[in-house]
Amino acid sequence: VANTATTSATFYLNIVPSAGSASAANALFYAVSIPPNTTFQWTGNQAIPAGGTLRGYASATSVTFTVTGVLST
């Protein structure tokens, strides 16, 4: 997660089950403050359930998300 602005921002990252919505109950990261001109990196393993989604959102458009992973069937 990168914040390219000159002000702090807040981001959220949720693993949302099929037909669900992002909420505190399925948050991987919730209301995390990211300082200006910095990045936040997390390395770990998380499974997304079949039909589920990974949803990231932030308090500013200056925040971008890059996600990598492995598809397992």
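The structure we're discussing is the one just above.
For the structure given in this document, a descriptive report is provided here.

1. Some details on the side chain of Asn14
Examined against the element boundaries, Asn14 turns out to sit in strand S2 (residues 9-16). Classification of Asn14 by relative accessible area gives buried; the value is 0%. A distance of 2.8 Å separates the side chain of Asn14 from the backbone oxygen of Ser23, its partner in a polar contact.

2. Looking at the nonpolar core
A general trend in soluble globular proteins is that nonpolar side chains are found buried together. Residues Val1, Ala9, Phe11, Leu13, Phe29, Val32, Ile34 and Val63 constitute the largest nonpolar core, which totals eight residues. Those elements giving two or more residues to this core turn out to be S2 and strand S3 (27-34). The residues touching Val1, leaving out its near neighbours within four places in the chain, are Phe11, Ile34, Thr38, Thr39, Phe40, Val63, Thr64 and Phe65.

3. Re the packing of aromatic side chains
This structure, assessed with the given rule, holds seven aromatic pairs. Between the aromatic rings of Phe29 and Trp42, the centroid separation amounts to 5.8 Å while the plane-to-plane angle is 75 degrees, which identifies the pairing as edge-to-face. Within this pair, whereas Phe29 is found in strand S3, its partner Trp42 is found in the loop between strand S4 (38-39) and strand S5 (53-58), the two being separated by 13 residues in sequence. Owing to a relative accessible area of 15%, Phe29 belongs among the buried residues under this scheme. These aromatic residues form a ring-pair network of at least three members: Phe11, Phe29, Phe40, Trp42 and Phe65.

4. Focus: the sheet that holds S5
Pairing is antiparallel in the open sheet, where three strands are placed in the order S3-S2-S5. Bordering the open sheet on either side are S3 and S5, each of which pairs with just one other strand. Pairwise comparison of adjacent strand axes, ignoring direction, gives a mean angle of 10 degrees for this sheet. Note that S2 and S3 share five bridges and pair antiparallel. Paired with Thr10 across the bridge in S3 is Ser33.

5. Side note on the layout of surface pockets
Here the largest pocket is characterised by a volume of approximately 760 Å³. Lining the largest pocket are 24 residues, with Trp42, Leu54, Val67, Thr68 and Gly69 positioned closest to its centre. Going through the elements one at a time, S2 and S3 are the ones with two or more residues in the lining of the largest pocket. For the lining of the largest pocket, the element with the most residues is S2, which contributes three residues.

6. Considerations on unusual backbone geometry
For Ala19, which is not glycine, the phi torsion reads 65 degrees and is therefore positive. Mapped onto the fold, Ala19 is located in the loop between S2 and S3. With a phi close to 55 degrees, Ala31 is a non-glycine residue in the positive phi region.

Thresholds, definitions, all that
Residues numbered from 1 in each chain as written. Predicted model: local features only at pLDDT ≥ 70, side-chain atom pairs only at ≥ 80, totals over all residues. Heavy atoms only, no water. Helix = DSSP H or I, 4+ residues; strand = E, 2+ residues; numbered from the N terminus. Buried < 20%, exposed > 50% of the residue type's maximum accessible area, 1.4 Å probe, protein only. Polar contact = N/O pair within 3.5 Å; in protein donor to acceptor, adjacent residues only side chain to side chain. Core = buried A, V, L, I, M, F, W, Y, C linked by side-chain atoms within 4.5 Å. Contact = heavy atoms within 4.5 Å. Phe/Tyr/Trp six-rings, centres within 6.5 Å; stacked < 30°, edge-to-face > 60°. Pairing = 2+ DSSP bridges. Axes fitted to C-alpha atoms, helices over the stretch in contact; angles between N-to-C directions. 1 Å grid on protein atoms, 1.4 Å probe; cavity = no way out; pocket = protein on both sides within 12 Å on 5 of 7 lines; lining within 4 Å. Points joined across faces, edges and corners; volume = space filled by probe spheres on them.

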